[in-house]
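# Overview (structure and organization)
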Amino acid sequence: MPVLLSMFFVLALAIWLLRVNLRRQSRKLFVLLLTLRCSILFMLALVILQVQLKTVIFGKPGLVFLIDSSASMSLTDHYVAADLNRLKRSGVTQTSESRIDILKQFFSQSQSDWYRDLQQTYEITPYTFDSNLHESELIPTGDVSIPQWVSKIQANGISTDFQTSLDELVQKVRDQTPAAIVLFSDGRATTHMASATSQIEKKFQRLRLPVFTVGFGAPANSIDIVLEDIEFEPVGFTGDEHAVSVSISTNETITNSVQLVAKNSLTKEVVNSVTLAKITRDQKAEATLLIPHLGAGRNEFQIEIMSAIGENELQNNTQLIHIWGRNAKLNVLFIEHEPRWEFRHLKTAMERDRNLSIETFLFAGDPAYAVEDRTALSQLPESLENYDAVILGDIDFNLLPQNYDLILEDFVENNGGLLLLSGRRSFESLDLTSHISELHPTLTRLPEGIQRRQVNVKPTPEGEAQHLFPVLSEEHDQAAMPELYALEYDLSSKPSALTLLEGKRGDSSFKPLPLVLSMRYGSGLVTQHLVDDLWRWRVVANGEFFRKYWAQTIRNLCRQKLIEELPPLELTSNRNQYHSSDSAEIILIDRLEQLQLQDAIPVIWDLNGQTGGELTLHRSNSDSTTFSGMMTSLQPGSYTLSLLSNDEKLNSVRSQFEVVETNSEEEYHPFQKTFLQKLSEKNQGQFYFPWELNQLQSELPETQYMTNSKTLIIPIWNRWEMILLLLGVFAVEWIVRRRTGLD
């Protein structure tokens, strides 16, 4: 009030002085100067009083973009082929990028037709959110466009809180309710997960504010390839290739190639890989990996299925295996009647095998042979305890020393391996009542005039299970292998004998001939060959097939002895390192079946040296020597497991693994389509996939009756236009007075 009175007094004084000075001047000049001085006084009053102008602007309806910037948006998905094609047709060129990067591509200049259409109709206000709502300070001033702003978003929020973020958004838009909210997210809440949906629904239903959701990520019903079974011999030889057979299944038929790899778990080096052209749903696919150059001692390898197109569940794609590398050679005694073709080629193959030490004895060989050949013995050894395997060729059993059949029987019963290369001479000289006849899987008397027939060799299912035919580093066609000549006769096999190889002909009336049989005897193994021209296989793969066949046969004979050299009990896990959200499979291998009377084994575990808890391992239904159990709810740290037993030997069996702490946002989860659909449907909106964004504008609320009003407060006193106008009026008033001769 005093200020206004002062202004009135100053104005009256200015009019009186002007009236005195202009008594002799014209009326027009008086009015002009009075107007100018009043204007000056009025503008000075505006500055002194700091007057603000309040105005209301009416424009386009508002639209809010709410973009998820939590760390889960930095995850990368593997889309199924159909979704991958949809993304590409939408113009997304980098489909292997993260969720946030794919979102950015939809806002890029080449893909943003849908955005430009919306911008012509709506006034768009963008926000990001993670645990809270974040408002851009750049866009309202017009410094950058929304697509440019989106391109700079970093998905690194430590959590996703839909409830808190949308509560904060409601407070922001309460006075200026937008036409709708468009939420861009993977739909995964890591905070307020249980209450998020219901609380959001109540809040938005009261405001009658539509929510449209756009989901980024691969859906939960994606392809899942599972590493089912891994079969391998636990012992190999240093420098040797080692075969690992893998069974794979899938929930959907996969026509794209899938790669299976073996990695050294320490160096992470890929040591071998196999490509599967197709995997059929509900059918196991089989593949064999050849692991080269085993080291001495314990070798650890990671068998892994490389993720296929559309696969996101990768935890069941990996399995850890242990293979023990043996430095010592296998000692083999080869007893033959004379140096026939089979003997010559087999002897040469074994001599070239660096993991075999061979000694030979011939009943009817050249006398100089025993002197000149470094493998030759002048007489049969009295004891076989220094040998791992014995090969009996087509010999006359009557020439064996007395009681040698008992020596052979005792050798096999105590984990020895016996290979019988049976022929006409051995069958005719075999006493069916002798101890050595007990070692034969099949016994027969050859009839007079028996003929040899050409046959194609095929492994039986048992032979395939024992991997009798080796896997070569180069592909070869088994159908093109040379035919063998087998004696055609009826055999009487023992009940415990298994046929591993058969001879077949194209004639359907031809009864398959057993060519290779196998039988367990005591703790050892006996294999019997009923064909003596396997040397014909030397032409296959430049002799590699022939060499590997015999190498595998000899090693299989010695398998039990090799296993006895391993720890009788081994406690391990399927991986060395886990995330806190994973489950750890604990496996106990009972190689010597010490625990055969128990179906459950207790295991105790420590975490970082502190007593943790107890886990029960149950016997496997498919393998009686294996127990397993699952550990869940893992805490970060180092775990040590041991058998719970009063026996010191059992209690000393231990295993270790590590659990690393991870942010739940960084753990892979498919995008939560159900949550986003429910959120939009309950709030008069709709859910879209990214490639459906062009449909968004047609579904948004009608805009002809919706206008966006915005109240602006303008500080008139603090604007450059006011200063410029004031200076201009002063200048005009001064010029008028100078022109009219007034002071």
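Use the structure listed above.
Now for a look at the structure at hand. All of these numbers come straight from a predicted model, not from anything done at the bench.

What follows deals with helix α11 (residues 404-413). Among all positions of α11, only Tyr404, Asp405, Leu408, Glu409, Phe411 and Val412 are buried. In an axial view of α11, the angular spread of the buried residues amounts to 160°, which keeps them on one side of the axis. Along its buried surface, α11 packs onto β15 (330-336), β17 (389-392), β18 (417-421), β24 (513-521), β25 (524-529) and α15 (559-564). Downstream of α11 by one or two residues, asparagine 415 has phi in the positive range, about 75°.

The buried count for β15 comes to six of seven residues, which makes it a mostly enclosed element. Bridge analysis of β15 against strand β16 (residues 356-362) gives seven bridges, and the strand direction is parallel. Bridged to phenylalanine 334 within β16 is threonine 360. Summarising the sheet, β15 and β17 pair through four bridges and their orientation is parallel. Residue pairing in the sheet places isoleucine 335 in a bridge with leucine 392 of β17.

With the rule as written, the count across this model stands at 27 aromatic pairs. Consider the rings of phenylalanine 334 and phenylalanine 343, whose centres lie 4.9 Å apart with planes at 55°: the pair is tilted. The buried category is assigned to phenylalanine 343, whose relative accessible area is 2%. Ring geometry for phenylalanine 689 and tryptophan 691: centres 5.0 Å apart, planes at 5°, overall stacked.

This part is about the environment of valine 170. Note that valine 170 resides in helix α7 (residues 162-173). Here the alpha-carbon distance between valine 170 and leucine 209, two residues 39 residues apart in the chain, equals 9.6 Å.

Across the sheet, which stays open at both edges, the five strands sit in the order β8-β14-β13-β10-β11 with mixed pairing between neighbours. Bordering the open sheet on either side are β8 (235-237) and β11 (270-276), each of which pairs with just one other strand. Neighbour-to-neighbour, the strand axes of this sheet turn through a mean angle of 30°, independent of strand direction. Taken together, the five bridges between strand β10 (residues 258-264) and strand β13 (residues 297-305) define a ladder with antiparallel strand orientation. Its bridge partner being in β13, asparagine 264 is matched across the sheet by phenylalanine 301.

This part covers the pairing of strand β31 (residues 626-631). A regular strand places its side chains on the two faces of the sheet in alternate fashion. Sheet analysis places strand β28 (residues 584-590) next to β31, joined by six bridges and oriented antiparallel. When the sheet's bridge partners are listed, alanine 584 is paired in β31 with methionine 631. The pairing of strand β30 (residues 610-619) with β31 spans two bridges and is classified as antiparallel. For histidine 618, the partnering residue across the bridge sits in β31 and is serine 628.

Turning to the pattern of salt bridges, a few remarks are in order. By the definition in use, this model includes 29 salt bridges. Note that aspartate 186 and arginine 99 form a salt bridge whose closest N and O atoms lie 2.9 Å from each other. Here arginine 99 lies in helix α4 (residues 99-107) and aspartate 186 lies in the loop between β5 (180-185) and α8 (196-207), a separation of 87 residues in the sequence. Each member of the pair, aspartate 186 as well as arginine 99, carries the same accessibility label: buried. The salt bridge partner of aspartate 373 is lysine 347, with a shortest N-O separation of 2.9 Å. With aspartate 373 in the loop between α10 (369-372) and β17 and lysine 347 in helix α9 (residues 341-351), this pair connects stretches of sequence that are 26 residues apart. One continuous salt-bridge network, built from bridges that share partners, spans Glu336, Arg340, Arg452 and Asp532.

Considering the arrangement of structural elements, one finds histidine 337 in the loop between β15 and α9. When neighbours within four sequence positions are excluded, histidine 337 is seen to be in contact with Leu362, Phe363, Ala364, Gly365, Asp394, Ile395, Asp396, Leu399 and Arg425.

Turning to unusual backbone geometry, a few remarks are in order. With phi around 65°, aspartate 282 is a residue other than glycine that occupies positive phi space. We note that asparagine 403 has phi near 65°; this positive angle belongs to a residue other than glycine. Relative to the helices and strands, asparagine 403 resides in the loop between β17 and α11.

Further remarks concern the sheet that holds strand β12 (residues 285-291). On the basis of which strands lie adjacent, the open sheet formed by three strands has the order β7-β9-β12 and antiparallel pairing. The open sheet terminates on both sides in strands that have one partner only, identified here as β7 (225-232) and β12. Across this sheet, the average inter-strand angle for adjacent strands is 30°, counted without regard to direction.

Within the element layout of this structure, threonine 527 appears in strand β25. On the basis of relative accessible area, threonine 527 is assigned to the buried category, the value being 5%.

By size, the foremost hydrophobic cluster in this structure holds 56 residues, and its most contacted members are Phe65 and Phe184. The contacts of phenylalanine 65, once residues within four sequence positions are left out, are Phe107, Trp114, Tyr115, Leu118, Ile124, Thr125, Pro126, Tyr127, Val182 and Phe184. Ranked by size, the runner-up nonpolar core spans 45 residues in total, among them Leu330, Leu362, Leu419 and Leu468.

Quick look at α9 now. Within the sequence span of α9, burial applies to Glu342, Phe343, His345, Leu346, Lys347, Ala349 and Met350. Buried positions along α9 lie against β15, β16, α10, β17, β18 and α14 (544-557).

Thresholds, definitions, all that
- Residues numbered from 1 in each chain as written.
- Predicted model: local features only at pLDDT ≥ 70, side-chain atom pairs only at ≥ 80, totals over all residues.
- Heavy atoms only, no water.
- Buried < 20%, exposed > 50% of the residue type's maximum accessible area, 1.4 Å probe, protein only.
- Helix = DSSP H or I, 4+ residues; strand = E, 2+ residues; numbered from the N terminus.
- Arc of directions from axis to C-beta.
- Contact = heavy atoms within 4.5 Å.
- Pairing = 2+ DSSP bridges.
- Phe/Tyr/Trp six-rings, centres within 6.5 Å; stacked < 30°, edge-to-face > 60°.
- Axes fitted to C-alpha atoms, helices over the stretch in contact; angles between N-to-C directions.
- Salt bridge = Lys/Arg side-chain N within 4 Å of Asp/Glu carboxyl O.
- Core = buried A, V, L, I, M, F, W, Y, C linked by side-chain atoms within 4.5 Å.

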